[in-house]
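Listed here are the chains, written in short residue letters.
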Amino acid sequence: MPQQDEPIYCSQQINIPPELPDILKQFTKAAIRTQPKDVLQWAYAYFDALSKGETPPVKDRLEFQLGQPLEKPLTQGLLAVLHKQLGGKPIIELSSLEEKWKHLSLPKDTLDELLRMGSFAEELRWLHFFALACSAISENLTLAMKTVCEVLTTDLEGGAARIPFSLFKELFTYLAEIDGEIPKEHVDTVIEHLSYDVEKQDGQVSPRNFMSDSCPPLSPNENSA
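If you look the protein up in an unreviewed UniProt entry, it shows as Ropporin-1-like protein from Porites lobata. Per UniProt, the protein carries the Subcellular location (unreviewed entry) text "Cell projection, Cilium, Flagellum".

Listed below in structure tokens is the structure:
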């Protein structure tokens, strides 16, 4: 028996906010799509972002490889999440990148290696870091630029994945310089070749252009993708 001074609750006395079921439903869907390694840390970042009106760390879809969920710590989907959160500014603070990186439970040693490779400081150009991260998860430069296009494009999913040619040239040239073994003459040859296609595509370039048999490989040391 409850003590005389203890409050007695019934279902009519419990106030459930009307928006709560939808919030929990959306949270569950987001967790399933994103598959966070540390659910508690990710949940904190998710609700903290919502409370501040910011983009939460959520993948657009569950990633698969040969029918199984991806087990790689850094994936194209997670890079897309980071781009949605950080890509609004050309220059970002390292502390912001470290925070978002941690929220996704990504390995710190991977971040440290990317920062070392790019010689990034307390402030960094986001798209350069992003392109370098794309190269880290790709077998070669061609596939890295394909990932760049697929994340940065405004085309609908399954479309041509076009990006402005000026952006392609900037990031392709940057990755070639980081590689250190791709002659500038080769970079210029690739850009000149693609320029003919770009003239017919309103200044846009897509993976089918630089992955075609007629286009020189983006790196002279790689096989055709």
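The discussion continues.
Novice: Help me understand the packing of aromatic side chains in this model?
Specialist: The geometry of an aromatic ring pair is captured by two quantities: the separation of the ring centres and the angle between the planes. In the structure shown here, the tally under the stated rule is 12 aromatic pairs. Each ring, one from Y46 and one from F47, has its centre 5.0 Å from the other, and the planes form 90°; the classification is edge-to-face. Taking 6.0 Å as the distance between ring centres and 15° as the angle between the ring planes, the aromatic pair formed by F165 and F168 counts as stacked. Of the two residues, F165 and F168 both sit in helix α8 (residues 165–179), three residues apart, roughly one turn of that helix. For the pair formed by F165 and F168, the shared burial category is buried. Linked through ring pairs, W101, F120, W126, F129 and F130 together constitute an aromatic cluster.

Novice: Just to check I follow, could you spell out a nonpolar patch on the surface for this structure?
Specialist: On the surface, a cluster of nonpolar side chains totalling about 590 Å² of accessible area is made up of I14, I16, L20, I23, L24, F47 and L50. Elements with a contribution of two residues or more to the nonpolar patch: α1 (20–34) and α2 (39–51). Per element, the largest residue contribution to the nonpolar patch is three residues, and it comes from α1. Counting through the fold element by element, I14 comes out in the segment before α1.

Quick notes on the rules
Along each chain, the written sequence defines residue order, and numbers are assigned to residues from 1. Only residues with pLDDT of 70 or above have their local features reported here, since the model is predicted, and side-chain atom pairs are shown and tallied only from 80 upward, although totals for entire chains, interfaces and linings are computed over all residues. Hydrogens are left out, water is left out, and the side-chain values use all remaining heavy atoms of the structure. UniProt positions are given in the numbering used here, feature names are shortened, and annotations may be inferred rather than shown by experiment. Only Phe, Tyr and Trp rings are paired, with Trp represented by its six-membered ring, and only when their centres lie within 6.5 Å; those with planes under 30 degrees apart are stacked, over 60 edge-to-face, the remainder tilted. The numbering of helices and of strands both runs from the N terminus, where a helix is a DSSP run of H or I of at least 4 residues and a strand a run of E of at least 2. For every residue, the accessible area (1.4 Å probe, protein chains only) is compared with the maximum for its type, and the residue is labelled buried under 20%, exposed over 50%, or partly exposed between those bounds. What makes a patch is a set of residues exposed beyond 30% relative accessible area and free of salt bridges, joined within 9 Å when like-charged and within 5 Å when nonpolar (Val, Leu, Ile, Met, Phe, Trp, Tyr). Accessible areas in this description were obtained via Shrake-Rupley with a 1.4 Å probe; residue shielding takes into account the shown protein chains only. Any Lys or Arg side-chain nitrogen found within 4 Å of a carboxyl oxygen on Asp or Glu counts as a salt bridge.

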